[in-house]
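Secondary and tertiary structure notes
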Amino acid sequence: MSTTTTRGVAQPAPAKVFRPRPRRSLKASSTFNFWLFTGPFLIGLIIFVFVPIGWSIWLSFFEARFTVTPSEFVGFDNYQQILTDANFRNSLVTFTVFAAFIVPATWALSLGLALLVNRLRFMRAFFRSVFFLPTAVSYVAAALIWKMSLFNGVRFGLANTVLGWFGVDNIAWLANPDPPWYWLVIVTVRLWLQSGFYMILFIAALQNIPRELYEAASIDGAKPGWQTFRHITLPQLRATSTAVILLLLVAAYQAFDEFFNLLGKATWGQPPLVELYKMALGQNQNYGAGSAGAVVLTLLICVVTLLQGKIMGFGRGEESK
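Now for a look at the structure at hand. These figures come from a predicted structure and were not determined experimentally. (Residues numbered from 1 in each chain as written. Predicted model: local features only at pLDDT ≥ 70, side-chain atom pairs only at ≥ 80, totals over all residues. Heavy atoms only, no water.)

What follows deals with the overall build of the chain. Along the chain, the regular secondary structure elements total 13 helices and two strands. Residues classed as buried in the chain amount to 33% of the 321 residues present. When the accessible surface of the chain is summed, it comes to about 20700 Å², and 66% of that surface belongs to carbon and sulfur atoms. (Helix = DSSP H or I, 4+ residues; strand = E, 2+ residues; numbered from the N terminus. Buried < 20%, exposed > 50% of the residue type's maximum accessible area, 1.4 Å probe, protein only. Areas by Shrake-Rupley, 256 points an atom, 1.4 Å probe, with all protein chains shown as cover.)

The subject of this paragraph is the packing of helix α3 (residues 86–119) against helix α7 (residues 182–207). At a minimum axis distance of 6 Å, the contact between α3 and α7 shows a crossing angle of 45°. Judged on the interaxial angle alone, α7 and α3 are oblique. For the pair α3 and α7, the sense of crossing is right-handed. (Axes fitted to C-alpha atoms, helices over the stretch in contact; angles between N-to-C directions. Parallel < 35°, antiparallel > 145°, perpendicular 65-115°, else oblique. Left-handed = near helix turned anticlockwise from the far one by under 90°.)

Enumeration over the complete set of coordinates arrives at two salt bridges. Residues R65 and E63 are paired through a salt bridge, measuring 2.8 Å at the closest nitrogen-oxygen approach. A residue is classified by how much of its surface remains accessible, and R65, at 37% relative accessible area, is partly exposed. Across the pair E258 and R190 runs a salt bridge whose closest N-O atoms are separated by 2.5 Å. Placement of E258 in helix α11 (residues 257–263) and of R190 in helix α7 is noted, with a sequence separation of 68 residues between them. On the accessibility criterion, E258 (1% relative accessible area) is buried. (Salt bridge = Lys/Arg side-chain N within 4 Å of Asp/Glu carboxyl O.)

Look at helix α4 (residues 124–132) against α7: their axes get within 8 Å of each other, and the N-to-C directions meet at 145°. Contacts from R124, R128, F131 and F132 in α4 reach G196, F197, M199, I200, I203 and Q207 in α7. Classifying every residue of the contact of α4 with α7 gives six nonpolar, two polar and two charged. (Contact = heavy atoms within 4.5 Å. Nonpolar A, V, L, I, M, F, W, Y, C, P; charged D, E, K, R; others polar.)

Turning our attention to helix α10 (residues 238–253). Along its 16 residues, α10 runs 23 Å from first to last C-alpha, staying within 8% of the 22 Å computed at 1.5 Å per residue. Listed in full, the buried residues belonging to α10 are S241, T242, V244, I245, L246, L248, L249, A251, A252 and Y253. Along its buried surface, α10 packs onto α3, α7, α12 (272–281) and α13 (287–312). (Expected span 1.5 Å × (residues − 1).)

Structural data, given as structure tokens:
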């Protein structure tokens, strides 16, 4: 430390006073970190989700053929056109049939797999991974495997080969709507693709059921198996079952990949999204009518979801059940 001289006496130099730098408050730091991590996702959500939705609603009120920047306002004419279109109405019937098959089948299969895997005492992680792996497969790839290898309609297909062992003639699975064998192909590929995901949801719910309930039921004389499942397991899975059914209904409305790749340009057995795809991106490229159909389909999904949630009591507290 340097010194100074006053009247011949050495004295230390005055020390510098260091003032601490002002720190940002904890609240400001948390806010900054929140926007730092969520900002990019929010921007992507606005650009790739909200803006297209708003643009689609705007297009539905204009005459938009071969252009996405129309100028002729037509009001609700596009909605009238889509609601009076026979192909679109038939596609809604197709969805009803498809949902009637796929929703209960996927729910039952997912719950059954969850019960089996959850009861395993060894290799539980292995079987859980095996059943979940199909969810990582592309719907397009799975549809092509089902179409070209399993149900290709010739004697070299796996399904026809197995049937041939029992003397059954070859079946044109995807080429003939009468009888509608194509439903077996579409339902099985969707079951294989999505059952593993919902199985994981059920496994998580099963592991949250208190063991004391089963112990109390055993003391009361309930037999393990159907009685325990009916009176304890199934009621405890009510919230998860409701969420799974809602997700399955929405997914059924949005079915596109397997139908488009399995049935191609067939005029029968097409869901709403395929009909809207043909209308908006087909030969006429009627973006206005296609957007109106998308809005109608979205509203229909919302109504069905709300009704289903209301019927099954989704979101109600335990005290109100």
